[in-house]
Structure formats: structure tokens, C-alpha cells
Amino acid sequence: GQKGISIIKDYRNVDVLSAFAPLDIKGVNWAILSEIDVAEAMQNKKKMQTSIWQVMSVIILILLPLTLTASFFVARGISNPINNFISQVNRVADEKDLTTRIDYNGKDELFSLATSFNQLMQGLQEVFHSVEELAATLLLSTNKMIVNIGETTDQTLQQSNSADSAAVATNQLL
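Bear in mind that the values here come from a model prediction, so they are computed numbers and not experimental data.

Participant: Where do I start with the sheet that holds strand β1 (residues 4-9) in this structure?
Facilitator: By definition, the strands of a sheet pair up through backbone hydrogen bonds, in either a parallel or an antiparallel sense. Sheet architecture is open: three strands sit in the order β1-β2-β3, paired in antiparallel fashion. Strands at the two margins of the open sheet, each flanked by one partner only, are β1 and β3 (31-37). On average, adjacent strands in this sheet sit at an angle of 25° to one another, irrespective of strand direction. Of the strand pairs in this sheet, β1 and strand β2 (residues 15-22) are connected by six bridges, and their pairing is antiparallel.

Pasting the structure below:
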């Protein structure tokens, strides 16, 4: 009932490669056996190994340049959009222009990043616009206060002069 492959000595005392297995025939308890001299089975081993190495070498020589070329184009396809994005962000930073927007077309992470960056720039632009409006309002209020203080100072000086004149007149009457 066993099956297998092994190297054994045959009746000639020669190493043979022996393969054996039971036969599944109803009512028969037989086995099948096939043998070949190891020397005969392995005579083409060296030629096969040489052929395999030659085929592998040719495949490597063909695939290596193709792989390197494909890698170059894939790397360039990844790095060019990133470098373009970085240069646009640097331009915004250098020019300090919050109206500049990142122009990126695609459906990947850089598109999401560009969209978020543009929203950030829009938000900052709105904040600075609000600050600018508040500063203008503050300047207007400050100018009005300066005018009011000037008028109050003038009125205070007039009252002081009037009081001084009244005091001088009162002293002269006495």
C-alpha cells in the first residue's frame, strides 16, 4: 500500500531511480514499478542546468533594462507632480500673495492636498480682509476720538481762560 520515489540498488548492484505505487484494481493486489539507472536519468542533468542558466540569463538581460526603464518612468510620474506642487507652494510663500491658488488636476492625494491648501489660502485671505476692515474701522474711530479730544481741549482752554478772566475781574473789583 506504499508509494514513493527512491534510489535503490537493483539486481545488478547498480543505483536505480525507482518509482512505485499500488494499483487500484478491484480484486487485485498489485503495484506498479518503474526503474531507470541513475546514470541514465541524470546524464542530461548538466545540459539541462546549462540550458536553464542560459534562459535565465537571457530573461534577466531582457527584463533588467525593461524594469529599470519602467522604474524610471514610474518614479518620474510620481516625483514630477510633487515637485510641481512644491514649486507652486514656494511661489505662494515667496510672493506672499494669498490670492494665488495651487493648480493641480488629478484624482489622487495631491489633488486633495491642493484643494485643502487652496481652502486654507481662501480662509487666510478672508481673515486678513476682516482684520483689514477692523483696522480701518479702528482708524476711523481713533480719528474721531482725536477730533473730539481736540475739541474738548479747546473748550477746556476757553473755559480756563474765561475762569481766569473772571478771577482777574473779581480781584480788580475787590
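Picking up where we left off.
Participant: What is the right way to read the pairing of β1 from this model?
Facilitator: Every regular strand shows the same layout, with side chains that alternate between the two sheet faces. Taking burial as the measure, the six residues of β1 include zero buried ones, a minor fraction of the element. Hairpin geometry of β1 and β2 is characterised by an intervening segment of five residues between the two adjacent antiparallel strands and by a positive phi of about 65° at N13.

Participant: How should I be thinking about unusual backbone geometry in this particular structure?
Facilitator: With the exception of glycine, most residues fall at negative phi, and the peptide bonds are largely trans. For N13, which is not glycine, the phi dihedral falls at a positive 65°. With respect to the helices and strands, N13 occurs in the loop between β1 and β2. Its relative accessible area of 56% is what places N13 among the exposed residues.

Participant: Would you take a moment to explain the nonpolar core for this structure?
Facilitator: One broad trend across soluble globular proteins is that nonpolar side chains are buried collectively. Core analysis: the biggest nonpolar cluster contains eight residues, these being F85, V92, I102, Y104, L110, A114, F117 and M121. Contributions of two or more residues to this core are made by α2 (45-95) and α3 (109-173). The contacts of Y104, once residues within four sequence positions are left out, are P81, L110, F111 and A114.

Participant: Can you walk me through α3 in this structure?
Facilitator: Because an α-helix completes one turn every 3.6 residues, residues spaced three or four positions apart along the sequence face the same direction. Relative to the 96 Å expected for 65 residues at 1.5 Å per residue, α3 spans 94 Å between its end C-alpha atoms, a close match to the ideal helical length. Taken as a whole, α3 has its buried residues at L110, A114, F117, N118 and M121. Buried residues belonging to α3 abut α2.

Participant: Would you take a moment to explain the pattern of salt bridges for this structure?
Facilitator: Pairing between side chains becomes possible if they bear opposite charge and their charged atoms approach one another. This model, assessed by the stated rule, comprises three salt bridges. With a shortest N-O distance of 2.8 Å, R12 and D10 are connected by a salt bridge. Here D37 makes a salt bridge to R12, at a shortest N to O gap of 2.5 Å. Here D37 is found in strand β3, whereas its partner R12 is found in the loop between β1 and β2, with 25 residues between them in sequence. Salt bridges linked by common partners bring D10, R12 and D37 together as one network.

Participant: Hey, could you run me through α2 in this one?
Facilitator: The end-to-end C-alpha separation of α2 is 72 Å, in line with the 75 Å expected for 51 residues at 1.5 Å each. Among all positions in α2, only F85, Q88 and V92 are buried. Of the residues trailing α2, K96 is marked for its positive phi of about 50°.

Participant: Just to check I follow, could you spell out a nonpolar patch on the surface for this structure?
Facilitator: Among the surface-exposed residues, V55, V58, I59, I62, L63 and L66 lie close enough to one another that they form a single nonpolar patch of about 540 Å² accessible area. Looking at the secondary structure, you find V58 in helix α2. Classification of V58 by relative accessible area gives partly exposed; the value is 48%.

Participant: I keep staring at the environment of S6 and nothing clicks. Help me out?
Facilitator: By the secondary structure assignment, S6 is in strand β1. Overall, S6 belongs to the partly exposed group, its relative accessible area being 28%.

Definitions and cut-offs
Residues numbered from 1 in each chain as written. Predicted model: local features only at pLDDT ≥ 70, side-chain atom pairs only at ≥ 80, totals over all residues. Heavy atoms only, no water. Pairing = 2+ DSSP bridges. Helix = DSSP H or I, 4+ residues; strand = E, 2+ residues; numbered from the N terminus. Axes fitted to C-alpha atoms, helices over the stretch in contact; angles between N-to-C directions. Buried < 20%, exposed > 50% of the residue type's maximum accessible area, 1.4 Å probe, protein only. Core = buried A, V, L, I, M, F, W, Y, C linked by side-chain atoms within 4.5 Å. Contact = heavy atoms within 4.5 Å. Expected span 1.5 Å × (residues − 1). Salt bridge = Lys/Arg side-chain N within 4 Å of Asp/Glu carboxyl O. Patch = residues over 30% accessible without salt bridge, like charges linked within 9 Å, V, L, I, M, F, W, Y side chains within 5 Å. Areas by Shrake-Rupley, 256 points an atom, 1.4 Å probe, with all protein chains shown as cover.

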